[in-house]
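Fold and geometry: a report
One letter stands for each residue in the lines below.
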Amino acid sequence: MKINFEKSPDGLVPAVVQDHETGKVLMLGYMNEEALAKTEAEKVVTFFSRSKQRLWTKGETSGNFLEVKAILVDCDQDTILIKAHPIGPTCHTGADTCFFEKNEGKASFLNYLQKQIIRDRKNNPSDASYTSKLFQRGVNKIAQKVGEEAVELVIEAKDTNDHLFKNEAADLLFHYLILLEQRGMDLDDIVDVLKERHK
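Computed from a predicted structure; not experimentally measured.

**Regarding the overall build of the protein**
Within the protein one finds six helices and six strands. Ordering the α and β elements of the protein from the N terminus gives β-β-α-β-β-β-β-α-α-α-α-α. Relative to a compact globule of 199 residues, whose C-alpha radius of gyration would be 16 Å, the protein shows 22 Å and is clearly more extended. Every one of the 199 residues in the protein was classed for burial, and the buried ones make up 33%. Considering only contacts within the protein whose residues lie at least 6 apart along the sequence, 47% involve residues at least 24 apart. When the accessible area of the protein is evaluated, it comes to approximately 12,500 Å², of which 52% is carbon and sulfur surface. For the protein, the distance from the average site of its 27 positive side-chain charges to the average site of its 32 negative ones is 3 Å.

**Description of the pairing of strand E3 (residues 46–49)**
In E3, alternate side chains face the same way, and those of Thr46 and Phe48 on one face and Phe47 and Ser49 on the other are all buried. The pairing of E3 with strand E4 (residues 54–57) spans four bridges and is classified as antiparallel. Its bridge partner being in E4, Ser49 is matched across the sheet by Arg54. Between E3 and E4, which pair antiparallel and follow one another directly, the connecting turn spans four residues, one of which, Gln53, has a positive phi of 55°.

**Re unusual backbone geometry**
Positive phi is not limited to glycine here, since Gln77 has a value of about 60°. Of note, Gln77 is situated in the loop between strand E5 (66–73) and strand E6 (80–86). Given the relative accessible area of 31%, Gln77 is considered partly exposed. With a phi close to 60°, Phe100 is a non-glycine residue in the positive phi region. By the element assignment, Phe100 lies in the loop between E6 and helix H2 (108–123).

Cut-offs and rules
- Within each chain, residue numbers correspond to sequence positions counted from 1 in written order.
- Local features in this predicted model are restricted to residues of pLDDT 70 or higher, and side-chain atom pairs are both shown and tallied only at a pLDDT of 80 or more, whereas totals for entire chains, interfaces and linings draw on every residue.
- No hydrogens and no water enter the side-chain calculation; it runs on all heavy atoms of the structure.
- Only DSSP runs of H or I covering at least 4 residues are called helices, and only runs of E covering at least 2 are called strands; the numbering of each starts at the N terminus.
- We compute the radius of gyration from the C-alpha atoms alone; for a globule the expected value is 2.2 Å times N to the 0.38, where N is the number of residues.
- Accessibility here uses a 1.4 Å probe with only protein chains present; expressed as a share of the type maximum, an area under 20% marks a residue as buried, one over 50% as exposed, and anything in between as partly exposed.
- Here a residue-residue contact requires only that any non-hydrogen atoms of the pair lie within 4.5 Å.
- With residues, only the protein chains shown are counted as cover, and all accessible areas are computed by Shrake-Rupley using a 1.4 Å probe.
- When charges are tallied, Lys and Arg are placed among the positive residues and Asp and Glu among the negative ones, while His and the ends of the chain are skipped.
- Charge positions come from single atoms, namely NZ of Lys, CZ of Arg, CG of Asp or CD of Glu.
- One requirement defines pairing of two strands: DSSP has to find at least two bridges between them.

Fair warning: the whole summary comes from geometry, so function is off the table for now.
Below, the structure written as C-alpha cells:
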C-alpha cells in the first residue's frame, strides 16, 4: 500500500515510531516522499524536519539512530507506522521515549538475562558463578536441573503459597534459559515456534 502524500497541503504525513520488540511508541515525526524513500533505502528512520525545513535522520547528531524493522501504512493511506530498533534513548531529553515512558516490557528482561548475563557466564566462566559451573558440567546436568525445577514447581502448584510458587517458577525459567543457551538457541527461537503454531 502506498502513502498518499497529496492528502496534506504541505506533503507531510505523520510517522509513528514503535519499538519492534516492546511495542512502546517511541516518537512521532513527519515524512515527505523523499524522507520515506531515504528511510526505506537506508533502513534508518529519516524525517522531514518542519523547524529545519530539511531531511533529518534521527540520531544524526546524537548517534541514537532508529533501525527500521518494518514500515506499515494505515487504511487511509495518510499515516505511517515504523517498527524500529532504537539505538539508545529516543528523546532529545535523554528519555527512552518522547512520551517519557520507560521502553521496557517485563518480558524483555528475559532476553537481557539470557543474551547478556547467562551468555557471559558461559563465555567468561568464573568459579564463583553457579551458572558457569552448570555450563562446565554439560547439557545432561543442565537438563537434569530443568527437570528437578519442573517437579518442584508442580509440587508448589498444588499448594496455596503464592510466594513459593513464584520462586519455583522463576527457578524453572532461569534453568530453562540456561538450557537454551547450552543448545545454542535464543528464547526468540521458541517464541517463533509459538507464533507459527498460533497462525
